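Analysis of the macromolecular model
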Amino acid sequence: MKLLVTGGAGFIGSNFIRYMLKEHPSCWVINLDKLTYAGNLENLRDCENNPRYKFVKGDICDAKVVNRLTAQVDAVVNFAAETHVDRSILTPESFIETDVRGTFTLLEAAKKYKIKRYIQISTDEVYGSIAKGSFTEKSHLSPNSPYSSSKAGGDLLVRSYFITYKVPTIITRSSNNFGPAQYPEKIIPLFITNALEDKPLPLYGDGKNVRDWLYVVDNCRAIDAVLQRGREGEVYNIGGGNEITNRVLTNLILKQLGKPSSLIVRVPDRPGHDRRYSLDCSKLKKELKYAPDTDFTTALTETVNWYCTNQSWWKKLKNKDFKKYYAQQYKTKS
Ligand code: NAD
Ligand code: DAU
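Criteria and thresholds
Residues numbered from 1 in each chain as written. Chains lettered and ligands numbered in written order. Predicted model: local features only at pLDDT ≥ 70, side-chain atom pairs only at ≥ 80, totals over all residues. Heavy atoms only, no water. Helix = DSSP H or I, 4+ residues; strand = E, 2+ residues; numbered from the N terminus. Polar contact = N/O pair within 3.5 Å; in protein donor to acceptor, adjacent residues only side chain to side chain. Contact = heavy atoms within 4.5 Å. Phe/Tyr/Trp six-rings, centres within 6.5 Å; stacked < 30°, edge-to-face > 60°. Buried < 20%, exposed > 50% of the residue type's maximum accessible area, 1.4 Å probe, protein only. Pairing = 2+ DSSP bridges. Axes fitted to C-alpha atoms, helices over the stretch in contact; angles between N-to-C directions. Near = heavy atom within 4 Å. Areas by Shrake-Rupley, 256 points an atom, 1.4 Å probe, with all protein chains shown as cover.

**So, the side chain of Ser175**
One can find Ser175 in the loop between β6 (169-174) and β7 (176-178). Reaching out from Ser175, the side chain makes a polar contact with the backbone nitrogen of Gly240 at a distance of 3.5 Å. What Ser175 contacts, discounting residues up to four positions off in sequence, is Asp124, Asp212, Leu214, Ile238, Gly239, Gly240 and Leu279.

**Observations concerning the packing of aromatic side chains**
With the rule as written, the count across this model stands at 16 aromatic pairs. Note on Phe178 and Trp213: the rings are 6.3 Å apart at their centroids and 85 degrees apart in plane angle, and the pair reads as edge-to-face. One end of the pair, Phe178, is in strand β7; the other, Trp213, is in strand β9 (residues 210-215), and 35 residues separate them in sequence. The exposure class assigned to Trp213 is buried, which follows from its relative accessible area of 3%. Taking the centre distance of 5.5 Å and the plane angle of 70 degrees together, the rings of Phe178 and Phe296 count as edge-to-face. Taken together, the residues span a long stretch of sequence, with Phe178 in strand β7 and Phe296 in helix α10 (residues 296-309) at a distance of 118 residues. Considered together, Phe178 and Phe296 belong to a single accessibility category, that of buried residues.

**Things to note about the sheet that holds β9**
Sheet strands pair via backbone hydrogen bonds, and the direction of the pair is either parallel or antiparallel. The mixed open sheet is built from three strands, whose spatial order is β7-β9-β11. In the strand order of this sheet, the two ends are held by β7 and β11 (243-245), each with one partner. Across this sheet, the average inter-strand angle for adjacent strands is 50 degrees, counted without regard to direction. In terms of strand pairing, β7 meets β9 through three bridges, oriented parallel. Residue pairing across strands places Phe178 opposite Tyr215, the latter belonging to β9. On the sheet, α10 packs against β7, β9 and β11 and is oriented at approximately 55 degrees with respect to β7.

**Observations regarding the environment of Ile89**
Along the chain, Ile89 falls in helix α3 (residues 85-90). Residue class for Ile89 comes out partly exposed when judged on its relative accessible area of 32%. Separated by 84 residues in the primary sequence, Ile89 and Arg173 place their C-alpha atoms 21 Å from one another.

**Points about the site of ligand 1**
Near ligand 1, the surroundings consist of 28 residues, among which Ile12, Asp33, Thr83, Tyr147 and Lys151 are the closest. Separating an oxygen atom of ligand 1 from a backbone N or O atom of Ile12 is a distance of 2.7 Å. Between an oxygen atom of ligand 1 and a side-chain N or O atom of Lys151, the distance comes to 2.7 Å. In the complex, 96% of the free accessible area of ligand 1, which totals 830 Å², lies under the protein chains.

Spelled out as structure tokens, the structure:
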């Protein structure tokens with residue numbers, strides 16, 4: 001199978017490319033990525049000499065490059081997106097451009113070149129927040145941030161291209177991913193790296209918001225199962241089964257690093273902050289016989305250790321631009 005993977009230089013996309021090249025010896029991958037601040041080709045150093053892998057720098061909103069590449073493949077897996085909720089609150093425009101217009105551009109190409117499979121990588125955030133119980137794939141979309149509404153916009157376009165044009169689409173909606181080499185703006189890598197630098201850990205609000213943590217390789221396995229065996233026109237939830245509050249998560253990180261809880265500082269809450277995400281993943285389990293199999297504590301320990309031993313990787317990313325964003329986001333001096 002020849003795949004066009006978009007956003008493959010990002011956190012989940014790079015793990016997916018590595019996974020597919022390793023698990024499927026007949027799989028070829030073209031990685032189309034704009035290399036925004038979140039794209040990092042270092043994440044794929046071990047793949048760059050693989051004859052079954054090719055990188056193309058480009059934008060998913062650019063129909064010319066998207067058409068040229070789509071014409072060469074059997075399936076498209078779209079990871080490319082602006083992904084950070086806090087940045088979507090500060091500067092929403094690029095989210096609408098990439099997550100909506102970019103998705104539209106890819107769908108048009110998938111239609112034109114009669115692609116065999118189009119997989120849209122989406123998020124549990126499109127359902128909004130849930131106090132009790134869990135969202136199923138039939139739950140209403142109720143996004144609360146510019147990020148989640150731009151992703152919901154992309155999902156609705158994907159649905160319409162299946163219904164109207166019979167483009168063979170499938171959507172996956174996963175919970176919060178974690179693992180090595182995640183850009184240090186998201187809570188786990190931010191808090192690990194701040195703690196290693198003895199800097200404050202800015203916990204939003206009361207710290208009792210709940211997220212369900214999914215080890216990134218488990219997500220890649222699930223996406224592979226959906227790509228191979230999922231039903232066209234369907235949505236599949238992918239959760240980790242590890243729901244914990246941010247405060248508990250933060251204390252686990254500090255404990256492992258042997259750092260004091262005095263590093264935690266309470267900062268004003270994120271506007272529109274979703275209280276809890278929770279996914280019902282029985283469809284994935286029943287239809288595709290998939291369930292995550294990584295132990296959360298073990299994977300978190302490995303992740304913390306990875307940041308301890310790969311300090312040059314993240315120190316390069318906490319550069320001038322990052323410090324500018326950080327100062328604006330947390331209203332501190334960079
Ligand atoms: P990321 O921010 O680490 O990477 C995004 C990648 O997309 C980067 O390599 C970036 O350069 C690229 N990109 C951005 N705009 C582009 C454009 N216009 N054209 C081409 N490339 C572009 O993201 P991630 O955390 O790996 O997330 C990947 C996908 O998974 C996203 O669609 C996101 O919404 C979804 N998702 C993420 C999580 C999570 O916890 N990280 C959970 C659920 C769903
Ligand atoms: O749920 C899936 C989503 O998970 C993905 O779709 C998004 O792309 C991804 O960014 C992530 O969104 P979150 O907003 O849940 O992740 P983030 O790491 O930004 O925040 C996780 C929780 O931690 C959230 O409740 C906010 C809180 N937080 C985050 C940061 C960055 C803090 O308390 N302090 C912080 O500094």
